[in-house]
Number of protein chains: 2
Amino acid sequence: MSVDACQSGSGLAPADVTFATGELRRYLADLLAREQTAWKEHGAPWCDPPELLAGYLAGGKALRPRFCYWGHAIAGEDAGPLLPPAAAALELLHAFALIHDDLMDESDTRRGQPAMHRQIAVQHRRNGWAGDPDSYGRAVAMLTGDLAFAMASRLAAGLPGPALTAWQRMVDELVIGQSLDLAGAARRDRSIEVARTTTLLKSGRYTVTGPLSLGAALAGLPGLPPGLSRYGDLVGEAFQLSDDLLGVFGDPQRTGKPVGEDLASGKPTQLLAYAADMLSPRGQALLALAGTRHVTGADVGELTAELIRCGARDRVERQVHANVTAACALIDRAALPPRVAAALRSLALAATDRRQ
Amino acid sequence: MSVDACQSGSGLAPADVTFATGELRRYLADLLAREQTAWKEHGAPWCDPPELLAGYLAGGKALRPRFCYWGHAIAGEDAGPLLPPAAAALELLHAFALIHDDLMDESDTRRGQPAMHRQIAVQHRRNGWAGDPDSYGRAVAMLTGDLAFAMASRLAAGLPGPALTAWQRMVDELVIGQSLDLAGAARRDRSIEVARTTTLLKSGRYTVTGPLSLGAALAGLPGLPPGLSRYGDLVGEAFQLSDDLLGVFGDPQRTGKPVGEDLASGKPTQLLAYAADMLSPRGQALLALAGTRHVTGADVGELTAELIRCGARDRVERQVHANVTAACALIDRAALPPRVAAALRSLALAATDRRQ
């Protein structure tokens, strides 16, 4: 079946319209307000980290809570009282991951805005505070990420055993994926194995399969049906591949990230792993510069053109399409409640169309 | 009673000799080995963060596990099966706190060795890897801290409800204390209230009262007896005050940290809060330079001498002594099993004598 067929199955309205983003936002706002109260009760005259988190968590697509919600709905039950804390934990974990990721990558932009450490540095400068504004920005952002992780862990610790196990697996996979991302770039690794494992762990499992499993565990299911686990890995991989494509070729207005950062730093993406076999000698020489301090903006521009010319971009685009098609086919065979099947088909598309 | 009287109560041998540091180290080594196995099973060809953590956790005084052990022993019970994971969680949390603290403070030394981010930068340079060695060092150290926190949270989530609550309170207090430390330095705050709250949360509760409460909760006690809670806050505050003194006046060979870093960055310590009222006009002018980029090594040296001359150092030293004396008096009145009382008296001294 084609991706268009996926889409037609979802009807005209977004299929996961029953997922209440507004409710999640209110839950998070209330949680952060209570955190600020706790800080004040401890005698803190300033509460920057919980205030910063409250602002950060007011946005985003809530992709992971959505997958969690529909993982829970597989069992056909109504949303239980454990879904809001689980969904909030996923959003807090994601805030932690993004804030620390931007620090690790020294990336200055996120969601089209200055990254958190940049915002804090601006505040420091504006107030004429003591010390170096950039150091302060990095320190407070790191601690804000730590607070997000602490609050996520607190919520997760209150979930029943099987859900907690699913959570812990997801956290571990996120950390392993991030480690491979850093280690692979430093080691100039261009193997498809490392690129695939990094993509699978850092995005696939963490964005789709993990939240689905968490939702299923919350609904009391003994595990995710094998087809859905495969669906999750396929959609999650496609999600990361789309992100990789947009990071190199995309419109920064859409992605909220400047184009070329990944290429300049030589991240071990599948795009570059394919390219290592497909590029012209000139392209190979440019690729060898990626991740070194010798790479220039013109090199990145030329390498971008070479990646199109050699067919690596098309190959990744075909893989995104093939993954989504295969994932939708698995949904068709999975004997799910119709509204769950429709939602998961719709989410497979939403997750890989980063324009949303 | 005097501090000497504290000491005589502890007998000749270290009173907490029954606390098995070796067993804790083996537990941690085994945990990290299993973490590395999990990474390999996930397809990771490199396992830097768990390897780095294994090295990091092989050292240290295990102060927090000791307090946890003796908090548990208040109930008179033998060490139960929950103590090793709780003690390991405390050591992992402390590794997380130290690694991230050194990044936030841009501090290059820890325990007399290069800080973790410096060690990783050296490895990067030696291997001729791609990218900037210092950025890579910071990124991998940050992630290693994240892994330590994730593993600590995983162990804590397996503890019974009241112990988990004590744990979560301790984590929150650690984050709030660290936040006040950063925010106070930036805002050049010299109030004694902020200095006291920072000391209490960042060190007192986190190092002594929190681990004691955790141990007591593990032993099934409904809470820490009020005298012991006060003992914890007094000893914990004295622990931080000793650390502040050594950071300014001490021998870096003893502390494993260069002298003057805290002073140069203008940390909101009680020493500086007292000094704000006690310093000569010349000393005040030097203090106003602390935390700015205009401060020189000669300024720090002169300010150090002024802090002695004005009596601020003596005042903090007297407070350390008074806290330990009061803490030991509380132990005498607390009707504890004799070996617990002896251990807590001994630990009050050990925690405030940073030569150990």
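These notes cover the structure that comes with them. The shown structure was predicted, so the numbers you read here are calculated from the model rather than taken from an experiment.

1. Focus: the interface of chain B and chain A
When the parts come together, some accessible area is lost, and that loss is often what is quoted as the size of the interface.
At step 1: Taken together, the contact between chain B and chain A spans 58 residues of the former and 57 residues of the latter.
At step 2: Between chain B and chain A, a total of about 4,900 Å² is buried, with carbon and sulfur atoms accounting for 67% of that surface.
At step 3: Across the chain B-chain A interface, the total number found is six salt bridges.
At step 4: The salt bridge involving R187 of chain B is made with D48 of chain A; its shortest N-O contact spans 3.1 Å.
At step 5: If you look at where chain B meets chain A, you find 14 residue pairs in polar contact (both at pLDDT 80 or more).
At step 6: Elements with a minimum of two residues in the side of chain B that touches chain A: α2 (21-41), α3 (48-56), α5 (83-104), α7 (133-157), α8 (161-186) and α9 (192-218) of chain B.
At step 7: A total of 16 residues in the side of chain B that touches chain A trace back to one element, the largest contributor, which is α8 of chain B.

2. Digging into α3 of chain B
At step 1: Of the positions making up α3 of chain B, those classed as buried are D48, P49, P50, L53 and Y56 of chain B.
At step 2: Against α8 (161-186) of chain A together with α2, α5, β1 (109-110), α6 (116-127) and α7 of chain B lie the buried residues of α3 of chain B.

3. Regarding the packing of aromatic side chains
At step 1: In the structure shown here, the tally under the stated rule is seven aromatic pairs over all chains.
At step 2: Seen in terms of ring centroids, W129 of chain A and Y136 of chain A are 5.7 Å apart; in terms of plane orientation they differ by 70°. Their pairing is edge-to-face.
At step 3: By relative accessible area, W129 of chain A is classed as buried at 15%.
At step 4: Ring centres of F149 of chain A and F149 of chain B lie 5.3 Å apart, and the angle between their planes is 75°; on these two criteria the pair is classed as edge-to-face. Pair noted here: F149 of chain A is in helix α7 (residues 133-157) and F149 of chain B is in helix α7, and the two residues belong to different chains. As far as the burial class goes, F149 of chain A and F149 of chain B line up, both buried.
At step 5: Here the aromatic residues F96 and F149 of chain A together with F96 and F149 of chain B are joined through ring pairs into a cluster of three or more.

4. Considerations on α7 of chain A
Every α-helix winds through 3.6 residues per turn, so residues three or four apart in the chain are directed the same way.
At step 1: With 25 residues, α7 of chain A extends 36 Å from end C-alpha to end C-alpha; this agrees with the ideal 36 Å at 1.5 Å per step.
At step 2: Most of α7 of chain A sits out of view: 22 of its 25 residues are buried.

5. Looking at the environment of P85 of chain A
Residues and elements named next belong to chain A.
At step 1: Mapped onto the fold, P85 is located in helix α5 (residues 83-104).
At step 2: On the basis of relative accessible area, P85 is assigned to the buried category, the value being 13%.
At step 3: P85 sits 18 residues away from F67 along the chain, and the two C-alpha atoms are 14 Å apart.

Reading the values: the criteria
- Residues numbered from 1 in each chain as written.
- Chains lettered and ligands numbered in written order.
- Predicted model: local features only at pLDDT ≥ 70, side-chain atom pairs only at ≥ 80, totals over all residues.
- Heavy atoms only, no water.
- Contact = heavy atoms within 4.5 Å.
- Buried area = accessible area lost by both parts, 1.4 Å probe.
- Salt bridge = Lys/Arg side-chain N within 4 Å of Asp/Glu carboxyl O.
- Polar contact = N/O pair within 3.5 Å; in protein donor to acceptor, adjacent residues only side chain to side chain.
- Helix = DSSP H or I, 4+ residues; strand = E, 2+ residues; numbered from the N terminus.
- Buried < 20%, exposed > 50% of the residue type's maximum accessible area, 1.4 Å probe, protein only.
- Phe/Tyr/Trp six-rings, centres within 6.5 Å; stacked < 30°, edge-to-face > 60°.
- Expected span 1.5 Å × (residues − 1).

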